[in-house]
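Single-letter residue listing:
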Amino acid sequence: MAKINEAKYIWMSGKMVPWNEAKVHVLTHALHYGSAVFEGIRAYRTKRGTAVFRLKEHMKRLLDSAKIYRMESPFTLEELMNATVELIKINELDECYIRPLLYRGYFNLGVNPMECPVEVSIAAWKWGKYLGPEALEQGVDVMISSWNRMAPNTFPAMAKTTANYANAQLIKMEAVVYGFSEGIALNAYGTISEGSGENIFVVKDGVIYTPNLESTILPGITRLTVIEIAKSLGFEVKECFIPREMLYIADEIFFTGTAAEVTPIRSVDKIVIGEGKIGPVTKRIQQEFFRIIEEADERYEHYFTWVK
Ligand code: PMP
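So, a few notes on the structure that sits alongside this text.

The rules we used
- Residues numbered from 1 in each chain as written.
- Predicted model: local features only at pLDDT ≥ 70, side-chain atom pairs only at ≥ 80, totals over all residues.
- Heavy atoms only, no water.
- Helix = DSSP H or I, 4+ residues; strand = E, 2+ residues; numbered from the N terminus.
- Expected span 1.5 Å × (residues − 1).
- Buried < 20%, exposed > 50% of the residue type's maximum accessible area, 1.4 Å probe, protein only.
- Salt bridge = Lys/Arg side-chain N within 4 Å of Asp/Glu carboxyl O.
- Core = buried A, V, L, I, M, F, W, Y, C linked by side-chain atoms within 4.5 Å.
- Contact = heavy atoms within 4.5 Å.
- Near = heavy atom within 4 Å.
- Polar contact = N/O pair within 3.5 Å; in protein donor to acceptor, adjacent residues only side chain to side chain.
- Areas by Shrake-Rupley, 256 points an atom, 1.4 Å probe, with all protein chains shown as cover.
- Axes fitted to C-alpha atoms, helices over the stretch in contact; angles between N-to-C directions.
- Parallel < 35°, antiparallel > 145°, perpendicular 65-115°, else oblique.
- Nonpolar A, V, L, I, M, F, W, Y, C, P; charged D, E, K, R; others polar.

A few words now on helix α8 (residues 280-295). Helix length check: α8, at 16 residues, gives a terminal C-alpha distance of 22 Å against a target of 22 Å (1.5 Å per residue), a fit within 8%. Every buried residue of α8 is listed here: V281, T282, I285, Q286, E288, F289, F290, I292 and I293.

What follows is the structure, encoded as structure tokens:
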């Protein structure tokens with residue numbers, strides 16, 4: 001993956017700071033103890049201009065993640081949303097990836113983080129297709145990770161904390177070293193949870209399945225969008241526990257995520273899924289997902305926060 005495509009400014013707790021000056025102290029609490037929560041958001045260039053996709057839902061999830069970790073945000077939902085729009089404007093980006101981070105700053109280094117100030121940064125930059133340019137059309141080859149996702153009541157999966165991405169990195173590195181694009185982790189029950197940075201959907205006999213919240217998953221906003229789209233297209237969607245072997249005999253499997261969008265999976269553990277290419281249900285949903293965004297479909301107006 002290429003180096004970050006640097007933009008001009010990063011928003012730091014209310015100020016637009018030049019990209020190369022957006023720095024923190026080395027004794028920042030979050031750097032030592034994973035005491036930060038974050039988001040990954042995309043802004044798209046649509047036919048009606050640049051819009052941030054489901055910004056409100058992302059910022060709500062950010063504040064929910066903070067609440068779980070007893071972090072009080074110095075900025076409200078509206079302030080964070082406005083800051084994001086201002087940042088995209090000042091950087092003159094017409095499409096970008098956006099990374100808000102709420103973190104415990106520099107004060108002391110006890111494990112108790114509560115005296116450290118809560119700082120906020122938002123960065124935005126141009127970023128292409130996460131799993132490679134061909135992935136959306138051809139699909140990706142993945143493996144079941146030898147690493148499990150966190151057990152319930154250890155690291156809360158519903159909080160998007162940086163700490164959870166220690167586990168995600170183990171999953172991702174193993175997959176890449178073994179020659180796969182991505183790893184899928186099982187949860188403590190031994191059923192399917194998610195990829196290192198994506199939710200997963202399985203199609204079998206015309207029904208669409210996805211792991212439920214009890215399966216140790218991040219409640220993905222693309223997952224929610226895809227459930228809404230699939231239902232609007234007349235598909236039945238079931239949120240439930242999914243056994244590992246159901247992947248091997250599935251007709252189709254795909255990932256969803258802000259970075260991965262809707263990416264087909266063509267093999268799991270070198271077992272070919274369906275025809276080994278994007279299947280008809282995945283294709284229909286992927287097309288509808290990109291159509292809604294490209295056209296900025298007015299029936300989904302609530303998905304878009306306008307930049308210009
Ligand atoms: N699961 C994990 C572990 C993730 O990191 C992500 C990416 N944020 C997702 C799922 C997908 O979530 P979203 O659709 O909100 O980007």
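What follows picks up the thread again.
This part covers the pattern of salt bridges. The full count for this structure, using the stated rule, is 21 salt bridges. For the salt bridge of E39 with R61, the shortest nitrogen-to-oxygen distance reads 2.8 Å. Residue E39 is located in the loop between β3 (36-38) and β4 (41-46), and its partner R61 is located in helix α2 (residues 55-68); the two are separated by 22 residues in the primary sequence. Judged by relative accessible area, which is 0%, E39 ranks as buried. Taking the shortest distance from any N to any O, the salt bridge between K238 and E236 comes out at 3.7 Å. Take K238: its relative accessible area is 35%, and that puts it in the partly exposed class.

What follows is about the nonpolar core. Of all hydrophobic cores here, the largest spans 27 residues; its most connected members are V52, M59, I88, I98 and L102. Mapped by element, the contributors of at least two residues to this core are β4, α2, α3 (77-90), β6 (96-104) and β7 (118-125). Here this core takes 7 residues from α3, the largest share from any one element. In contact with M59, not counting residues within four places along its chain, are I41, L77, L80, M81, T84, P100 and I122. In this structure, Y44, L136, F289 and I293 belong to the second largest nonpolar core, which totals 24 residues.

Neighbouring the ligand are 17 residues; Y165, E194, I221, T222 and T258 lie closest to it. Contact between the ligand and Y165: an oxygen atom at 2.4 Å from a side-chain N or O atom of the residue. One of the side-chain N or O atoms of T258 is found 2.6 Å from an oxygen atom in the ligand. Taken by itself the ligand offers 380 Å² of open surface, and the protein chains cover 95% of this.

Moving on, we come to the packing of helix α6 (residues 221-232) against α8. Look at α6 against α8: their axes get within 10 Å of each other, and the N-to-C directions meet at 105 degrees. Considering the angle they form, α6 stands roughly perpendicular to α8. Within the contact between the two elements, α6 uses T222, T225, V226, I229 and A230 and α8 uses I285, E288, F289 and I292. For the contact of α6 with α8, the class distribution of residues is 6 nonpolar, 2 polar and 1 charged.

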